[in-house]
Amino acid sequence: DAMVIQNPRYQVTQFGKPVTLSCSQTLNHNVMYWYQQKSSQAPKLLFHYYDKDFNNEADTPDNFQSRRPNTSFCFLDIRSPGLGDAAMYLCATSRGDRGGEQYFGPGTRLTVT
Amino acid sequence: GESVGLHLPTLSVQEGDNSIINCAYSNSASDYFIWYKQESGKGPQFIIDIRSNMDKRQGQRVTVLLNKTVKHLSLQIAATQPGDSAVYFCAENRRAGSARQLTFGSGTQLTVLP
């Protein structure tokens, strides 16, 4: 029944070693979002895809990239993780035409050593 | 600048009592708000939403009130249960290009006491 799936749930990477987080959805939604959530803070939008159109938030560091090869999958690439990038990364989807509810995945907890 | 913020970072209530979580926003043009519940180790879960053409909306055990005059909204949870313990976020849902984006408030940790 899972609608937004994130793998892995926990990821440990080394300082400076590239890492990729994955998200998939079974809802066939047009829009997919990536959020960063640090401890005791609100989720912060990094970027989103509306279909194949990529929309980056102005304050998202260049270190963060994303790919969406098809409707169902979206990836978050962190090119050179720093200690400050340790966080929960949340993927969400929505139907662009309705513009309403976003469905969140369970998140991937990233640790940088 | 634009922001969505919460009045209190923590709230403790006795099981069975009603809970009220408050949220203030600064953008008078905001027209759509959503409350999310986030349990530990999980992603945010939609609770209820409200558009600016409404003052009140009710769901199952939850009610959201919107006061546009003072730019304030609240989430009321009736007969609070242990399973309601979580962090609650209000979020502004605004259009950005073709899609819509959420701007979250800082969150309130609700603890239900036995």
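Residues numbered from 1 in each chain as written. Chains lettered and ligands numbered in written order. Predicted model: local features only at pLDDT ≥ 70, side-chain atom pairs only at ≥ 80, totals over all residues. Heavy atoms only, no water.

A.B. asks: Explain the overall build of chain A to me, using residue names and the numbers behind them.
C.D. replies: In terms of regular secondary structure, chain A is built from zero helices and 11 strands. Listing every helix and strand of chain A by position from the N terminus yields β-β-β-β-β-β-β-β-β-β-β. Computed over C-alpha atoms, the radius of gyration of chain A comes to 13 Å, within 12% of the 13 Å expected from 2.2 N^0.38 for 113 residues, which places it in the range of a compact globule. Principal-axis analysis of the C-alpha atoms places the extent of chain A at approximately 40 × 30 × 30 Å. Within chain A, buried positions represent 50% of all 113 residues. (Helix = DSSP H or I, 4+ residues; strand = E, 2+ residues; numbered from the N terminus. Rg over C-alpha atoms; globule rule 2.2 N^0.38 Å. Buried < 20%, exposed > 50% of the residue type's maximum accessible area, 1.4 Å probe, protein only.)

A.B. asks: Quick rundown of the nonpolar core? Include the residues and the values.
C.D. replies: In a soluble, globular protein the nonpolar side chains are often hidden away together inside. Among the nonpolar cores identified, the biggest contains 20 residues, and Trp35(B), Leu73(B), Leu75(B), Tyr88(B) and Leu110(B) are the most heavily contacted of them. Of all elements in the fold, only strand E2 (10–14), strand E3 (19–25), strand E4 (32–38), strand E5 (45–51), strand E7 (62–67), strand E8 (72–77), strand E9 (86–96) and strand E11 (108–113) of chain B reach the threshold of two or more residues within this core. In this view, Leu73(B) contacts Ile21(B), Asn22(B), Cys23(B), Tyr25(B), Phe33(B), Trp35(B), Val64(B), Leu65(B) and Leu66(B); residues no more than four positions away in its chain are not counted. Counting 19 residues, the second-largest nonpolar core is a separate cluster that includes Tyr35(A), Ala42(A), Met88(A) and Val87(B). (Core = buried A, V, L, I, M, F, W, Y, C linked by side-chain atoms within 4.5 Å. Contact = heavy atoms within 4.5 Å.)

A.B. asks: Let's hear about the state of the cysteines: which residues, and what values?
C.D. replies: Taken as a whole and assessed by the stated rule, the structure comprises two disulfides over all chains. Disulfide pairing places Cys23(A) opposite Cys91(A) at an S-S distance of 2.0 Å. Across the disulfide from Cys23(A) to Cys91(A), rotation about the S-S bond amounts to roughly -75°, and the bridge is consequently left-handed. With Cys23(A) in strand E3 (residues 19–25) and Cys91(A) in strand E9 (residues 87–94), this residue pair connects regions lying 68 residues apart in the sequence. Taken as a pair, Cys23(A) and Cys91(A) share a single burial class, namely buried. The disulfide that involves Cys23(B) links it to Cys90(B), with 1.8 Å between the sulfurs. Taking the sign of the S-S torsion, 50° for the link of Cys23(B) and Cys90(B), the bridge is right-handed. With Cys23(B) in strand E3 and Cys90(B) in strand E9, the pair connects residues that are 67 residues apart, well separated along the chain. Overall, the relative accessible area of 0% leaves Cys23(B) in the buried class. (Disulfide = S-S within 2.5 Å.)

A.B. asks: Any details on the packing of aromatic side chains? Residues and values, ideally.
C.D. replies: Residues and elements named next belong to chain B. Scanning the model with the defined rule gives 13 aromatic pairs over all chains in all. Considering the side-chain rings of phenylalanine 89 and phenylalanine 104, the 5.7 Å spacing of their centres and the 85° angle between planes classify their relative orientation as edge-to-face. Of this pair, phenylalanine 89 sits in strand E9 while phenylalanine 104 is found in strand E10 (residues 99–104), placing the two residues 15 residues apart along the sequence. No difference in accessibility class separates phenylalanine 89 from phenylalanine 104, as the two residues are buried. Directly above the ring of tyrosine 32 sits arginine 51, whose terminal nitrogen or CZ lies 3.8 Å from the centroid. (Phe/Tyr/Trp six-rings, centres within 6.5 Å; stacked < 30°, edge-to-face > 60°. Lys NZ or Arg CZ within 6 Å of the ring centre and 35° of its normal.)

A.B. asks: I'd like to hear about unusual backbone geometry, residue by residue, with values.
C.D. replies: Note that the residue after Asn7(A), namely Pro8(A), is joined by a cis bond; omega there is -10°. Topologically, Pro8(A) is positioned in the loop between strand E1 (4–7) and strand E2 (10–13). At Asn28(A), a residue that is not glycine, the phi angle is positive and equals roughly 60°. When its relative accessible area of 60% is taken as the criterion, Asn28(A) is described as exposed. The phi dihedral of Arg61(B) is positive, around 65°, even though this residue is not glycine.

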